[in-house]
Amino acid sequence: MVISHIGTWFKSAQFLVCSRFFAAIVGGYVFSAIAVSLLAAVVPLPKTDSVLLAVSLSILVYVCVFIWVFSVRTLRKVYGVLILLGTCQALLLAFIKGWL
């Protein structure tokens, strides 16, 4: 009885909307934070200018991720793409900074 109730809860509209909001808020924040770090490391400007440019563009990245999360059809694709691209960005940043 309880297991069937939990299975129906995961398919409910409340869970799907809350999960999308979680992906948009937390996933968008993590994605844009990694993107800012990567962009600041890659842009060929003085350090302060590259950081200011990256932080300014982070708002645009965050908003784009937030909108994208609600435009994709499946949650599996949302979480898969956010995790995959976030991991790729983090590995690229670690490689550029010499952490690997």
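Residues numbered from 1 in each chain as written. Predicted model: local features only at pLDDT ≥ 70, side-chain atom pairs only at ≥ 80, totals over all residues. Heavy atoms only, no water.

Section: the overall build of the chain
- Summing up its helical and strand segments, the chain has 4 helices and 0 strands in all.
- Secondary structure of the chain in N-to-C order comes out as α-α-α-α.
- Taken over the C-alpha trace, the chain has a radius of gyration of 17 Å; the compact-globule value for 100 residues is 13 Å, which it surpasses by more than 25%.
- Expressed along its principal axes, the backbone C-alpha trace of the chain runs to roughly 60 × 30 × 20 Å.
- In the chain, 68% of the contacts between residues at least 6 apart in sequence involve partners at least 24 apart. (Helix = DSSP H or I, 4+ residues; strand = E, 2+ residues; numbered from the N terminus. Rg over C-alpha atoms; globule rule 2.2 N^0.38 Å. Contact = heavy atoms within 4.5 Å.)

Comments concerning the packing of aromatic side chains
- Per the stated rule, a full pass over the model turns up 4 aromatic pairs.
- Taken together, a centroid distance of 5.0 Å and an interplanar angle of 65° make the contact between F21 and F70 edge-to-face. On the criterion of sequence distance, the pair formed by F21 in helix α2 (residues 13–42) and F70 in helix α3 (residues 47–71) is long-range, its members being 49 residues apart.
- On the basis of relative accessible area, F21 is assigned to the partly exposed category, the value being 38%. (Phe/Tyr/Trp six-rings, centres within 6.5 Å; stacked < 30°, edge-to-face > 60°. Buried < 20%, exposed > 50% of the residue type's maximum accessible area, 1.4 Å probe, protein only.)

Looking at the confidence of the model for the chain
- Residues with a pLDDT of 70 or more make up 91% of the chain, whose mean pLDDT is 89.
- Least confident of the elements in the chain is helix α1 (residues 2–10), whose mean pLDDT is 63; most confident is helix α4 (residues 75–97), at 94. (pLDDT = per-residue confidence, 0-100.)

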